[in-house]
There are 2 protein chains.
Amino acid sequence: MELAAAKLKFIEAWGKLGSEWGINRTMAQVHALLLISPEALTTEEIMEQLSISRGNANMTLRDLIGWGLIEKQHKAGERKEYFFADKDVWNIARQVAKERKKRELEPILKVLSELSHVAGDEKDPEFKTFKKSITDINKLAGNVDKTLETMLKAEESWFWGSVLKVFK
Amino acid sequence: MELAAAKLKFIEAWGKLGSEWGINRTMAQVHALLLISPEALTTEEIMEQLSISRGNANMTLRDLIGWGLIEKQHKAGERKEYFFADKDVWNIARQVAKERKKRELEPILKVLSELSHVAGDEKDPEFKTFKKSITDINKLAGNVDKTLETMLKAEESWFWGSVLKVFK
DNA sequence: TTAAAGTTTCAAAAATTATTGAAAATTTAT
DNA sequence: ATAAATTTTCAATAATTTTTGAAACTTTAA
């Protein structure tokens, strides 16, 4: 396969994966494009390569900055802004984990802990089943939270070394 | 909080979390409802409780069966079908992990391994950057795959015991 | 058989989400 | 200050996803 074709295939696959995981397809594609670009790109170049509008490019780039996945770059003597992606895949994974933990896991943990305090009749099957499910989900989510917490602080090789060694 | 209000809150929160993770909100809500129901429910009851149409209920229930999260139950002397959810939260986690691994991780691993064989000029920065990103993502995805593989076979207490002990 | 009960399908409608594009705002060089 | 270059905003439009509901289909009891 040609490099050009391979790039397109990667951008397409990354976009599809993103959309399956609740991430806007275009956002995942812009990220993919920047991930495989040795140089920082301008908004124009991104619009051109992905056939998207200026408005879409601008908002998507802003979101990617909000996720901590890309940064703006100023080139001396140039008026235009350039964008480049952190290429360290472990950083990317940690950054995504960090954001989704904050945006999604923590809010649901909050709801679950409220719900686990609901009082009721221990003889009522409705109550018992509710309480058990909430408690169990709460515990699992707590374990996930702790594991992510560790991951966020960890070096990649140590993390996978530890995890995979345990499971050998 | 009343049990009735707590149930609604859980169903809503579970639906929201689902939609943030690429799972149809209604599907997550039906799953939530069955998770906290001590008894199996009929399509009618589910339609009623969540205010959804028959068609929607039917398709959603079929999808949930496809994900291995709920089952049909026949009651002796009854014409109607009943549905109930596996209440074991570790089973649920494994089942979701198993399906998403099969539906999403494996296809992307396949693409990545094809892309990591693209040949090119090692002096070309375009090629080098592409190759490095693909290779790194491929490695990370491989580690995730191995970890999931272990999780799928593991007992809950052993799994979290091992993982959290390492990270203490 | 027949018909009532229950389930499934799927085209059309509704709801949601993403994208466009042009105007407004901002920045920078002169 | 002026104006050209660039970025941002956001109402309107388009695309996608979800839901509805009624007809078709299936199952079962008599």
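Residues numbered from 1 in each chain as written. Chains lettered and ligands numbered in written order. Predicted model: local features only at pLDDT ≥ 70, side-chain atom pairs only at ≥ 80, totals over all residues. Heavy atoms only, no water.

**Student:** Hey, could you run me through the interface of chain A and chain B in this one?
**Tutor:** Accessible area lost upon the coming together of the parts serves often as the stated size of an interface. Contacts between chain A and chain B engage 54 residues on the former and 54 residues on the latter. In total, chain A and chain B occlude about 5,000 Å² of area from one another, counting both sides; carbon and sulfur atoms represent 76% of this. One can count four salt bridges joining chain A with chain B. When the shortest N-O distance is used, the salt bridge between Lys7 of chain B and Glu126 of chain A registers 2.5 Å. Mapped onto the side of chain A that touches chain B, the elements with two or more residues apiece are α1 (3–20), α5 (89–115), α6 (125–153) and α7 (156–166) of chain A. (Contact = heavy atoms within 4.5 Å. Buried area = accessible area lost by both parts, 1.4 Å probe. Salt bridge = Lys/Arg side-chain N within 4 Å of Asp/Glu carboxyl O. Helix = DSSP H or I, 4+ residues; strand = E, 2+ residues; numbered from the N terminus.)

**Student:** I tried to follow the sheet that holds strand β2 (residues 70–74) of chain B on my own but got confused; where do I start?
**Tutor:** One key point about sheets: their strands pair by backbone hydrogen bonds, in either a parallel or an antiparallel sense. Residue and element names in this part refer to chain B. Within the open sheet, the three strands sit side by side as β1-β3-β2. Their pairing is antiparallel. Bordering the open sheet on either side are β1 (41–42) and β2, each of which pairs with just one other strand. Against the sheet, helix α2 (residues 25–35) contacts β1, β2 and β3 (81–85), and its axis sits at roughly 85 degrees relative to β3. (Pairing = 2+ DSSP bridges. Axes fitted to C-alpha atoms, helices over the stretch in contact; angles between N-to-C directions.)

**Student:** Explain the domain arrangement of chain A here, please?
**Tutor:** All names here are of chain A. Parsing chain A into structural domains produces domain 1 (3–85) and domain 2 (89–166). For domain 1 versus domain 2, the distance between C-alpha centres works out to 31 Å. With eight residues of domain 1 at the interface, the matching set in domain 2 holds six residues. Roughly 650 Å² of surface becomes buried between domain 1 and domain 2 when both sides are summed, with 65% attributable to carbon and sulfur atoms. Taken together, domain 1 and domain 2 are joined by zero salt bridges. Along the contact surface separating domain 1 from domain 2 lie two residue pairs in polar contact (both at pLDDT 80 or more). Here the side of domain 1 that touches domain 2 is built from residues that sort into five nonpolar, three polar and no charged. (Domains from an automatic or database assignment. Polar contact = N/O pair within 3.5 Å; in protein donor to acceptor, adjacent residues only side chain to side chain. Nonpolar A, V, L, I, M, F, W, Y, C, P; charged D, E, K, R; others polar.)

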